[in-house]
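One letter stands for each residue in the lines below.
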Amino acid sequence: MPRRLFAVIALLMSFNSAFAGERWQTLPPTPAPVAGAQAGYAEVNGIRLYYSKLGHGSPVVLLHGGLGNADYWGLQAKALATRHTVISVDSRGHGRSTRDARPYGYDLMADDVIALLDQLQIPRADFVGWSDGAILGLDLAMRYPQRVGKVFAYAANTQTSGVKEGVENNPTFAAYIERAGQEYARLSPTPKEYPAFVEQIGHMWASQPNWSDADLARIKAPVLIVDGDHDEAIKREHTEYMAATIPGAGLLILPNVSHFAFLQDPGLFNAALEHFLDEK
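Since this is a predicted model, take the numbers as computed values, not measurements.

1. Here's the deal with the overall build of the protein chain
The number of helices and strands found in the protein chain is ten helices and eight strands. Radius of gyration (C-alpha) of the protein chain: 17 Å, near the 19 Å computed for a compact globule of 280 residues. Taking the principal axes of the C-alpha coordinates as reference, the protein chain spans close to 45 × 40 × 40 Å. In the protein chain, which comprises 280 residues, the share counted as buried stands at 58%. Long-range pairs, those at least 24 residues apart, make up 79% of the contacts in the protein chain with a sequence separation of at least 6. Of the side-chain charges in the protein chain, 24 are positive and 30 negative, and the distance between the mean point of each set is 6 Å.

Set out below in structure tokens:
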């Protein structure tokens, strides 16, 4: 299947033509936990992994970005739950989930997700990821192809060189880091250990991911590589590289949004997401 740019982008962009503000510089509030979602914990790989389930239909797993938690996907979970069973996960050490002393790694966190799906008796699912969660979606597609349907990868990188230097100094990104610390203190079973948690995961970010072209060529699942045109963290050329290198991947650049498009313009984001997941 050739690399393609979804025609839907033209329609989506028309929805935004009247917006003249700098939406990409905002950080809207984290959504509240979705009412009616069934919450639970799974004992996997030596930790307690928090998850929630909502809706009915084919399963879709939502994987959040680094330092975040499953609540960030609230606006997408509600939209998808009309046609899908939506599983939102707090990655190990994030949100309400625990962590252990093992070094962080994307393979380890992907293994946590597979162990959760095993417990939920879900043999195969689609994956929607943002930032670290998008990296996990690609990791799963490489290492567990039989468990992966489609992958919607927003603001991913597949090499550390794909991240812009000094992103933590960007005002919007700095505000997110500060908010994430406050949310960690409120949600985590180890609320006073945010610095230690950040140090642990920072070691992973320093060297991972580091996938080769050959690694990406192993991905056979339908993949849509997505980013905002004002992403503070990910280099545009790296986004384009991923879409060009993953076999058959699509590329979609959302207008007037940044690393946090799902909060800044959920209508646009959800339209792109639903189009990709529901396309036959």
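2. Focus on the side chain of Asn157
As for its position among the elements, Asn157 is in the loop between β6 (148–154) and α5 (171–187). By relative accessible area, which is 8% here, Asn157 ends up buried. Only 3.0 Å separates the side chain of Asn157 from the backbone oxygen of Gln159, close enough to count as a polar contact. With residues up to four places along the chain from it excluded, the contact list for Asn157 reads Ile135, Val163, Pro209, Ile234, His238 and Met242.

3. Some details on the packing of aromatic side chains
Scanning the entire structure with this criterion turns up 20 aromatic pairs. Taking the centre distance of 6.4 Å and the plane angle of 90 degrees together, the rings of Trp73 and Trp130 count as edge-to-face. Note that Trp73 is positioned in the loop between β3 (58–63) and α2 (74–80) and Trp130 in strand β5 (residues 125–130), a separation of 57 residues in sequence. Neither Trp73 nor Trp130 differs from the other in exposure class; each is buried. On the basis of an interplanar angle of 65 degrees and a centroid distance of 6.2 Å, the ring pair of Tyr104 and Phe197 is categorised as edge-to-face. With Tyr104 in the loop between β4 (84–89) and α3 (106–119) and Phe197 in helix α6 (residues 194–207), this pair connects stretches of sequence that are 93 residues apart. By relative accessible area, Phe197 is classed as buried at 1%. Ring pairs connect the aromatic residues Tyr72, Trp73, Trp130, Phe152, Tyr154, Phe173, Tyr176, Phe260, Phe262, Phe269 and Phe276, which therefore count as one cluster.

4. Observations regarding the pairing of β5
Where burial is concerned, most of β5 is hidden: six out of the six residues are buried. Alternating positions in β5 separate into two faces, Ala125, Phe127 and Gly129 on one and Asp126, Val128 and Trp130 on the other, with burial throughout. In terms of strand pairing, β3 meets β5 through four bridges, oriented parallel. Within β5, the residue paired with Val61 across the bridge is Phe127. Relative to β6, β5 runs parallel, the two being bridged by five bridges.

5. Description of the pattern of salt bridges
Throughout the structure, instances matching the rule amount to 15 salt bridges. The residue Arg92 makes a salt bridge to Asp100 at a minimum N-O spacing of 3.0 Å. Look at Arg92 and you get buried, because its relative accessible area is 2%. The partner of Arg143 in a salt bridge is Asp107, with the nearest N and O atoms 3.7 Å apart. Pair noted here: Arg143 is in helix α4 (residues 132–143) and Asp107 is in helix α3, with a separation of 36 residues, a long-range link. Take Asp107: its relative accessible area is 37%, and that puts it in the partly exposed class.

6. Examining the nonpolar core
Tyr154 and Leu254 are the most contacted members of the largest nonpolar core, which totals 89 residues. Top contributing element to this core by residue count: α3, with eight residues.

7. Description of the UniProt feature "domain: AB hydrolase-1" (unreviewed entry) in the protein chain
Per the UniProt record, "domain: AB hydrolase-1" (unreviewed entry) is annotated on residues 60–272. Structurally, residues 60–272 comprises 42% helix and 16% strand, and the distance from its first C-alpha atom to its last is 15 Å.

8. Overview of the environment of Ala271
Among the secondary structure elements, Ala271 is positioned in helix α10 (residues 266–278). With 195 residues separating them along the chain, Ala271 and Gln76 place their C-alpha atoms 9.9 Å apart.

9. A look at α3
Here α3 spans 20 Å end to end across 14 residues, near enough to the 20 Å set by a 1.5 Å rise per residue. Most of α3 sits inside the fold, with ten of its 14 residues counted as buried. What α3 keeps buried is the set Tyr106, Leu108, Met109, Ala110, Asp112, Val113, Ile114, Ala115, Leu116 and Leu117. The first or second residue beyond α3 is Gln121, which carries a positive phi of 55 degrees.

How each quantity is defined
- Residue indices follow the written sequence of each chain, beginning from 1 at its first position.
- Predicted model: local features are reported for residues with pLDDT of at least 70 only, side-chain atom pairs are reported and counted for 80 or more only, and whole-chain, interface and lining totals are derived from all residues.
- Side-chain metrics in this entry use all non-hydrogen atoms of the structure; hydrogen atoms and water are not considered.
- We count a stretch as a helix when DSSP gives it H or I for four or more residues in a row; a strand needs E for two or more, and each element gets its number in order from the N terminus.
- Here the globule rule reads 2.2 Å times residues to the power 0.38, and the radius of gyration is calculated from C-alpha atoms.
- Buried means the residue's accessible area, taken with a 1.4 Å probe over protein chains only, is under 20% of the maximum for its type, while exposed means over 50%, and partly exposed covers the values in between.
- We call two residues in contact whenever any of their non-hydrogen atoms come within 4.5 Å of each other.
- Neither His nor the chain ends is counted toward charge; the positive residues are Lys and Arg and the negative residues Asp and Glu.
- Note that the charge is assigned to NZ on lysines, CZ on arginines, CG on aspartates and CD on glutamates.
- Within 3.5 Å is the distance limit for a polar contact, defined as a pair of N or O atoms, with the added protein rule that one can donate a hydrogen and the other accept it, and that residues adjacent in sequence qualify only through two side-chain atoms.
- Only Phe, Tyr and Trp rings take part, Trp by its six-membered ring, and two of them pair if their centres are within 6.5 Å. Stacked means planes under 30 degrees apart, edge-to-face means over 60, and tilted covers everything else.
- Strands were regarded as paired on the criterion that DSSP finds at least two bridges between them.
- Think of a salt bridge as a Lys or Arg side-chain nitrogen and an Asp or Glu carboxyl oxygen that are within 4 Å of each other.
- Remark: nonpolar core denotes a set of buried residues (Ala, Val, Leu, Ile, Met, Phe, Trp, Tyr, Cys) joined through side-chain atoms within 4.5 Å.
- UniProt positions are given in the numbering used here, feature names are shortened, and annotations may be inferred rather than shown by experiment.
- To estimate how far a helix should reach, multiply one less than its number of residues by 1.5 Å.

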